[in-house]
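# Examination of the molecular architecture
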Amino acid sequence: MTEPVAKEVVRADDLSIHYRSRDVRSRCLAVAGVSFEVAPGEILGIVGESGSGKSTLAAAIALQADWGGQESGRPEICGGSLKVFGTELRRIGSRRRDRLQLSVGYLAQDGAERLDARLTVAENVAEPIYSRDRRFSSREAGIAVATLIDSVRLPLGLMNRYPFELSSGQRQRVALARSLILGPRLLVADEPTRGVDVTVRTGVLDVIRELQAEHEFSAVIVSSDLAVTSYLAERVVVMSRGTVVGLGPINGVLADPIHPYLKALAASRFDTVGA
Ligand SMILES: Nc1ncnc2c1ncn2[C@@H]1O[C@H](COP(=O)(O)OP(=O)(O)OP(=O)(O)O)[C@@H](O)[C@H]1O
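We now turn to the structure provided with this report. (Residues numbered from 1 in each chain as written. Predicted model: local features only at pLDDT ≥ 70, side-chain atom pairs only at ≥ 80, totals over all residues. Heavy atoms only, no water.)

### Looking at the overall build of the protein chain
To keep it simple, the criterion reads: For the purposes of this entry, the term helix denotes a DSSP run of H or I that reaches at least four residues, the term strand denotes a run of E that reaches at least two, and both are numbered from the N terminus. Radius of gyration here uses only the C-alpha atoms, and the compact-globule reference equals 2.2 Å multiplied by the residue count raised to the power 0.38. Relative accessibility thresholds used throughout: buried, under 20% of the residue-type maximum; exposed, over 50%; partly exposed, between the two (1.4 Å probe, protein chains only). Under the convention used here, a 1.4 Å probe and the Shrake-Rupley method define accessible areas, while residue burial counts only the protein chains that appear.
Summing up its helical and strand segments, the protein chain has nine helices and 10 strands in all. Whereas a compact globule of 275 residues would reach a radius of gyration of roughly 19 Å, the protein chain reaches 18 Å, a difference of no more than 12%. Considered along the principal axes of its C-alpha atoms, the protein chain spans approximately 55 × 45 × 35 Å. Within the span of the protein chain, comprising 275 residues, buried residues form 50% of the whole. Summed over its atoms, the accessible surface of the protein chain is roughly 13400 Å², and 49% of this surface lies on carbon and sulfur atoms.

### With respect to the site of the ligand
Our working definition: Near is defined per residue: the residue qualifies when any heavy atom it owns lies within 4 Å of the molecule or strand. Between N or O atoms, a polar contact is any pair within 3.5 Å; within protein, one atom must be a potential hydrogen donor and the other a potential acceptor, and residues adjacent in sequence are included only when both atoms are from side chains. Each residue receives one of three labels: charged for Asp, Glu, Lys and Arg, nonpolar for Ala, Val, Leu, Ile, Met, Phe, Trp, Tyr, Cys and Pro, and polar for the others, Gly being one of them.
Looking at the ligand, there are 13 residues lining it, with Ser50, Gly51, Lys54, Ser55 and Thr56 nearest. A distance of 3.5 Å separates an oxygen atom of the ligand from a polar atom in the backbone of Glu49. The contact in question runs from an oxygen atom of the ligand to an N or O atom on the backbone of Ser52, over 3.0 Å. Starting from 640 Å² of accessible surface for the ligand in isolation, the protein chains cover 62%. A class-by-class count of the residues in the shell around the ligand yields three nonpolar, eight polar and two charged.

### A closer look at the side chain of Ser103
To be explicit about the condition: The contact definition used throughout considers only heavy atoms, calling two residues in contact when any of these lie within 4.5 Å.
Within the secondary structure, Ser103 sits in the loop between helix 2 (94-101) and strand 6 (104-107). Its relative accessible area of 14% is what places Ser103 among the buried residues. Excluding residues that lie within four positions of it along the chain, Ser103 makes contacts with Phe85, Pro184, Arg185 and Leu186.

### As for the packing of helix 3 (residues 121-132) against helix 4 (residues 138-151)
Applied cut-off: Fitting a line to C-alpha atoms yields each axis, with helices limited to the stretch in contact; the angle taken between N-to-C directions then spans 0 to 180 degrees. Any angle between 65 and 115 degrees counts as roughly perpendicular, while under 35 counts as roughly parallel, over 145 as roughly antiparallel, and the rest as oblique. Each crossing is labelled by how the near helix is turned from the far one, with a counterclockwise turn of less than a right angle marking it left-handed and a clockwise turn marking it right-handed.
At a closest axis distance of 10 Å, the pairing of helix 3 and helix 4 adopts a crossing angle of 120 degrees. In terms of axis orientation, helix 3 runs oblique to helix 4. Crossing angle aside, the handedness with which helix 3 passes helix 4 is right-handed. Where helix 3 approaches helix 4, its residues Val121, Ala122, Val125, Ala126, Ile129 and Tyr130 are matched on the opposing element by Ser138, Ala141, Val145 and Ile149. Looking at the contact of helix 3 with helix 4 residue by residue, the classes come out as nine nonpolar, one polar and no charged.

The structure is reproduced here in structure tokens:
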């Protein structure tokens, strides 16, 4: 089946997401009726206080919702619509999701910790290639991995090391390289500077900015730190308690804040990355 052609890379309309639980009463509505879109080539920031639903939204955009059977603790789209490259993700079938997954890179909040401790850096980065095609040429995979390792400004000498031998900032960049190895058309990065030392935080963001400019992918960057999102994105979605309380260019959103969280953000906006 051919995928629909969409003007927007991501389109959420009155989207609600809850976490599955056998007990219907304890289902938690994490995202409640949000609407926004991401244009081709755009970097959109999602900013909000802790527990406001950012990671849930990011996971849903990165195709992590609506699968895994009736397993508890998984996000599920329970209202409205979420489309990625024109494909509706609500109740998406596994085949379509697998196909779409090839176009969407996901750097999870705990991406650095999710690296497989038994695999080398190079094997971790190459793993998405081999889980798609076990017989993929090892030479071509090696070139692709080395190119990305270099792009995320890691020395090639680290390729044969294991994750535990790296600093947290280096591990985060390995996780970033892994999320980009299939050449996604959309990158979803949840707290890309999490665990990264203040002195190299800007470096990690510069890497994302440069790779995005080079490959022209769209991106959704999630952070509780406005300095991080505004470093990369021109437009932001501001979330509070599962809802959108601000949407648009950062200056406009913070120009005349009424919502208490927007007021707090406006007061903190001149903080620099990692300060
Ligand atoms: N696996 C889960 N099962 C049930 N509820 C969850 C689960 N994960 C998150 N939640 C709840 O969903 C809501 C949104 O959480 P989410 O992690 O999306 O927020 P966040 O804005 O990313 O927070 P943080 O910045 O602290 O990561 C919270 O109320 C949280 O308790």
